[in-house]
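The residues making up each chain are set out below.
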Amino acid sequence: QVQLVESGGGLVQPGGSLRLSCAASGFSFSYYAMKWYRQAPGKERELVARISSAGGMTNYAGSVKGRFTISRDNAKNTVYLQMNSLKPEDTAVYYCNTYWNRDYWGQGTQVTVSS
């Protein structure tokens, strides 16, 4: 079955960096676009970044453009989110997502940006 497993979250000071990873299995990873979402306490889940199946096209939310970079390694069935210049408002649970007949989600990884 489809599995998405996120890792790499943690506590970081403002201005710091983190790299999230999402290991995928159970489907033909290289055929599907992948997305990162996040959900802060009391807020709706929002799309952060999207990458096409081959990795040639990326899209970002305005709030993270220029600071976050999404990438993928189809040989490793893994998608990444490099987050730089982190701000307290980036604090959220970050989720990996793909759509194959329906939405699939990982369990999420907590990112906390605080001094």
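Report follows, based on the coordinates.

### Looking at the pattern of salt bridges
No. 1: Counted according to the given criterion, the structure contains 3 salt bridges.
No. 2: Between E46 and R38 there is a salt bridge, with the nearest N and O atoms lying 2.6 Å from each other.
No. 3: Judged by relative accessible area, which is 33%, E46 ranks as partly exposed.
No. 4: For R38, a relative accessible area of 5% gives the class buried.
No. 5: Between R38 and D90 there is a salt bridge whose closest N-O contact spans 2.9 Å. Residue R38 is found in strand β4 (residues 34-39), and its partner D90 is found in the loop between β8 (78-83) and β9 (92-99); the two are separated by 52 residues along the sequence.
No. 6: Through salt bridges with shared partners, a single ionic network connects R38, E46, R67 and D90.

### Re the side chain of D90
No. 1: The exposure class assigned to D90 is buried, which follows from its relative accessible area of 1%.
No. 2: Here the side chain of D90 touches K87 through a polar contact of 2.8 Å, landing on its backbone nitrogen.
No. 3: In contact with D90, other than residues within four places in its own chain, are R38, R67, F68, S85, V111 and V113.

### Some remarks on the nonpolar core
No. 1: Counting 29 residues, the largest nonpolar core has W36, V79, L81, M83 and Y94 as its most contacted members.
No. 2: Looking at this core, the elements that each hand over two or more residues are β3 (18-25), β4, β5 (46-51), β7 (68-73), β8, β9 and β11 (109-113).
No. 3: Element by element, the count of residues in this core is highest for β3, at 4 residues.

### Points about the side chain of E6
No. 1: Topologically, E6 is positioned in strand β1 (residues 3-7).
No. 2: One buried charge, E6, has no salt-bridge partner; the nearest side chain with opposite charge is R45, at 7.5 Å.
No. 3: A polar atom in the side chain of E6 sits 2.7 Å from the backbone nitrogen of C96.
No. 4: Within the local environment of E6, its side chain forms a polar contact with the backbone nitrogen of Q107, the two atoms lying 3.0 Å apart.
No. 5: Those residues in contact with E6 that sit more than four places away from it in its chain are S21, C22, W36, Y94, Y95, C96, G106, Q107, G108 and T109.

### What to know about unusual backbone geometry
Residues apart from glycine generally show negative phi values, whereas peptide bonds are mostly found in trans.
No. 1: Despite not being glycine, N77 has its phi angle at roughly 50°, a positive value.
No. 2: Within the secondary structure, N77 is located in the loop between β7 and β8.

### Description of the packing of aromatic side chains
No. 1: For the structure on display, the rule yields 5 aromatic pairs.
No. 2: With centroids separated by 4.9 Å and ring planes inclined at 65°, the aromatic side chains of Y37 and W105 adopt a geometry described as edge-to-face. In this pair, Y37 is assigned in strand β4 and W105 in strand β10 (residues 103-105), connecting sequence segments 68 residues apart.
No. 3: For W105, a relative accessible area of 35% corresponds to the partly exposed category.
No. 4: Ring-pair connections join several aromatic residues into one group, and the members of that group are F27, F29, Y32 and W100.
No. 5: Sitting over the ring of Y95, R45 keeps its end group 3.8 Å from the ring centre.
No. 6: Between R72 and the ring centre of F29, over which it is positioned, the NZ or CZ distance is 4.3 Å.

So, how was this worked out
- Residue numbers restart at each chain and count upward from 1, following the sequence in its written direction.
- The predicted nature of this model means local features are confined to residues of pLDDT at least 70 and side-chain atom pairs, given and counted, to a pLDDT of 80 or more, with totals for whole chains, interfaces and linings taken over all residues.
- With hydrogens and water excluded, all non-hydrogen atoms of the structure serve as input to the side-chain values.
- We define a salt bridge as a contact between a side-chain nitrogen of Lys or Arg and a carboxyl oxygen of Asp or Glu at a distance within 4 Å.
- Accessible area is worked out with a 1.4 Å probe on protein chains only. A residue is then buried under 20% of its type maximum, exposed over 50%, and partly exposed in between.
- Numbering of helices and strands starts at the N terminus; helices are DSSP runs of H or I of at least 4 residues and strands are runs of E of at least 2.
- The term polar contact refers here to a pair of N or O atoms within 3.5 Å; inside protein, the definition further demands a hydrogen-donor-capable atom paired with an acceptor-capable atom, and it admits residues adjacent in sequence only when both atoms are side-chain atoms.
- Contacts are assigned to residue pairs with any non-hydrogen atoms lying within 4.5 Å of each other.
- Residues belong to one nonpolar core when they are buried, are Ala, Val, Leu, Ile, Met, Phe, Trp, Tyr or Cys, and are joined through side-chain atoms within 4.5 Å.
- Counted charges follow a simple rule, with Lys and Arg positive, Asp and Glu negative, and His plus the chain ends left uncounted.
- Ring pairs are drawn from Phe, Tyr and Trp, using the six-membered ring of Trp, whenever the two centres fall within 6.5 Å, and their geometry is named by plane angle: stacked under 30 degrees, edge-to-face over 60, tilted for the rest.
- Sitting over a ring, as applied to charges here, requires NZ of Lys or CZ of Arg to be within 6 Å of the ring centre and within 35 degrees of the ring normal.

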